[in-house]
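Descriptive structure summary
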Amino acid sequence: MDFKLSKTHQLQQELYRKFAEEEIKPLAEDMDETEQYDMELLKKLHKYGFFGIPYSKQYGGVGGDYLSYALAMEEVSKVDGSTGITISVHTSLYCSCIDYFGTEEQKEAFLRPTIDGSKTGCFGLTEPNAGSDAAGQQTTAVYDPDTDEYIINGGKVFTTNSGFADLCTVFAMTDKSAGTRGISCFVVDLHQEGVSISENIKRMGIRAAQNCEVSYENVRVPAFNRIGKEGQGFKIAMKALDGGRIGIAAQSVGLAQGAINEAMAYCKERKQFGRPISAFQTTQFKLADMQTKVDAARLLTWRAACTKDSGENYSKEAAMAKLFASDVANQVCREAVQLMGGYGYCREYPVERALRDAKITEIYEGTSEVMKMVISGAMKVNAK
Ligand code: COS
């Protein structure tokens, strides 16, 4: 067992860190204030390969592994949670549906354009009445044999990236009587007739990410756009979410590590009672606790990524990493604000934003309660 990153991974980590510090950090506060994502930054993320890290070079991807992707997620989230989720939804939710379940022709049509820099993807699963109970889909897709198309009707909520994305994997009922086995997955062009997208939903954190309601009214998609078989949609969504949860765990680690870095720098500068507050044992012990928790969260995240890279089942490992890391992110960002006192609470210091951004990591891509369902299910706690 080797707990050290390989030379290649170390090098990638340095590159991601440099990009995050130089290109993302200077924009993060303003993007949060305006609740807008910077479109030039989006282009740069595409240009430098951030949207195709774990995908094959054959389709224009970087050809890295999931561990490299987790490293990138940590580095960008250290400086901006919104950029973390923008990359994550595109990579681990949209792209993975096609990478895992698409045909060669579908990969050329729907994966290549989103990882070679021209298009951005999103993932339409959650509905007003289908959140944790993802099986309760109301959106429908009806096959029209005359045109060999499906007609999609329904509405999705909290579709991250939908404010600027081009393509979306939309989940819809093709057979309402079949429960989870009646859901199918379609790639929908968001610029087409019948698709309407709301303004960015006002939220507590990750405010620059574009998270909107999307409604589909008689949207016609060619049968070619159906990913996998009819009725396979629920499994496709679950598989995508398993990988997505590793991304959110890495985002949580990044938010927490970023907050520690900010708080430590501040504690060395800030003088009270005649000395820097870093000279007080209370401060030292607090930071020691914070870093220990973050290291543990990172190890769970790397274990989940490496399990996925090895080809083994990783649902439980991903859920454990997300459950633990999201809790750590919330604890650590709160402590960072506490260490920085009144200044930490001000919007001009990034720990305030990190604390707001951290909350959602316990909610999206499966709540902490859903993570416990997945973990206890894998442990067969309720089996005879
Ligand atoms: N990978 C592949 N298949 C999976 C799977 C996974 N990780 N998890 C479940 N499945 C399959 C099951 O094997 C089962 O298949 P069969 O019909 O062949 O038996 C099917 O999916 C239904 O599984 P299950 O009965 O466990 O589904 P539930 O409706 O009980 O849902 C939870 C289970 C709660 C875990 C699921 O709905 C979930 O993850 N919800 C949260 C959704 C979420 O994360 N939303 C956020 C979206 S961000 S836009």
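As shown above, the structure is provided for reference.
The sections below set out a description of the structure shown in this document. Values in this document were obtained by computation on a predicted structure and should not be read as measured data. (Residues numbered from 1 in each chain as written. Predicted model: local features only at pLDDT ≥ 70, side-chain atom pairs only at ≥ 80, totals over all residues. Heavy atoms only, no water.)

A short note on the packing of aromatic side chains
Where we set the bar: Two rings belonging to Phe, Tyr or Trp (six-membered ring only in the last case) form a pair when the distance between their centres is within 6.5 Å. Interplanar angles under 30 degrees mark stacking, angles over 60 mark edge-to-face geometry, and anything in between is tilted. Secondary structure elements follow DSSP: runs of H or I no shorter than four residues count as helices, runs of E no shorter than two count as strands, and numbering proceeds from the N terminus. Residue exposure (1.4 Å probe, protein chains only): buried if accessible area is under 20% of the type maximum, exposed if over 50%, otherwise partly exposed.
This model, assessed by the stated rule, comprises 14 aromatic pairs. Centre to centre, the rings of Y266 and Y343 are 6.3 Å apart; their planes meet at 45 degrees, and the pair counts as tilted. Here Y266 is found in helix α6 (residues 233-269), whereas its partner Y343 is found in helix α8 (residues 315-344), with 77 residues between them in sequence. We classify Y266 as buried; its relative accessible area is 11%. Ring centres of Y266 and Y349 lie 6.1 Å apart, and the angle between their planes is 85 degrees; on these two criteria the pair is classed as edge-to-face.

With respect to the nonpolar core
Note that soluble globular proteins tend to have their nonpolar side chains buried in a common cluster. What counts, and what does not: Residues grouped as a nonpolar core are buried Ala, Val, Leu, Ile, Met, Phe, Trp, Tyr and Cys residues, joined through side-chain atoms within 4.5 Å. Between two residues, a contact is recorded if the distance between any of their heavy atoms is within 4.5 Å.
If you look at the biggest cluster of nonpolar residues, it comprises 59 residues, and the most contacted ones within it are I24, Y37, L45, F50 and I87. Elements supplying a minimum of two residues to this core: α1 (7-34), α2 (39-47), α3 (66-79), α6, α7 (281-309), α8 and α9 (350-359). Contacts of F50, omitting those with residues within four sequence positions, involve Y16, F19, L45, A72, V76, I87 and T91. Counting residues in hydrophobic clusters, the runner-up holds 47 residues, among them I85, L167, V170 and C185.

Details of the pairing of strand β7 (residues 211-222)
Definition in use: By the convention used here, strands pair only if DSSP detects at least 2 bridges between them.
When strand β3 (residues 149-160) meets β7, the two strands line up antiparallel, connected through nine bridges. Opposite G155, over in β7, you have S215 as the bridge partner. Sheet topology places strand β6 (residues 195-197) next to β7; three bridges connect them, and they run antiparallel. Bridge assignment links I197 to a residue of β7, and that residue is V214.

Points about α2
Put simply, the rule reads: By arc we mean the arc of the directions from the helix axis to the C-beta atoms, nothing more. Pairs of N or O atoms within 3.5 Å make up the polar contacts considered here, provided that, within protein, one atom can donate a hydrogen while the other can accept it, and that residues adjacent in sequence are counted only when both atoms are side-chain atoms.
All buried positions along α2 are accounted for by L41, L42, L45 and H46. Taken around the axis of α2, the buried residues stretch over an arc of 145 degrees, which confines them to a single face. With respect to the buried face of α2, the exposed residues turned more than 90 degrees away are E40, K43 and K47. The backbone nitrogen of E40 lies 2.9 Å from a side-chain oxygen of the residue at the head of α2, namely D38. Backbone geometry just after α2 places G49 at a positive phi near 85 degrees.

Looking at the site of the ligand
Operational definition: Any residue with a non-hydrogen atom lying within 4 Å of a molecule or strand is treated as near it. In this description, accessible areas are obtained by the Shrake-Rupley approach with a 1.4 Å probe, and a residue is regarded as covered only by the protein chains that are shown. Following the grouping adopted for this structure description, the nonpolar residues are Ala, Val, Leu, Ile, Met, Phe, Trp, Tyr, Cys and Pro, the charged ones are Asp, Glu, Lys and Arg, and the polar ones are all others, Gly among them.
For the ligand, the set of nearby residues contains 18 residues, the closest of which are S132, R181, K235, D242 and R245. At a separation of 3.0 Å, an oxygen atom of the ligand approaches a polar side-chain atom of R245. Notes on the ligand: free accessible area 1,000 Å², of which the protein chains cover 67%. When residues of the shell around the ligand are assigned to their parent elements, the largest contribution, six residues, is made by α6. Grouping the amino acids of the shell around the ligand by side-chain chemistry returns seven nonpolar, six polar and five charged.

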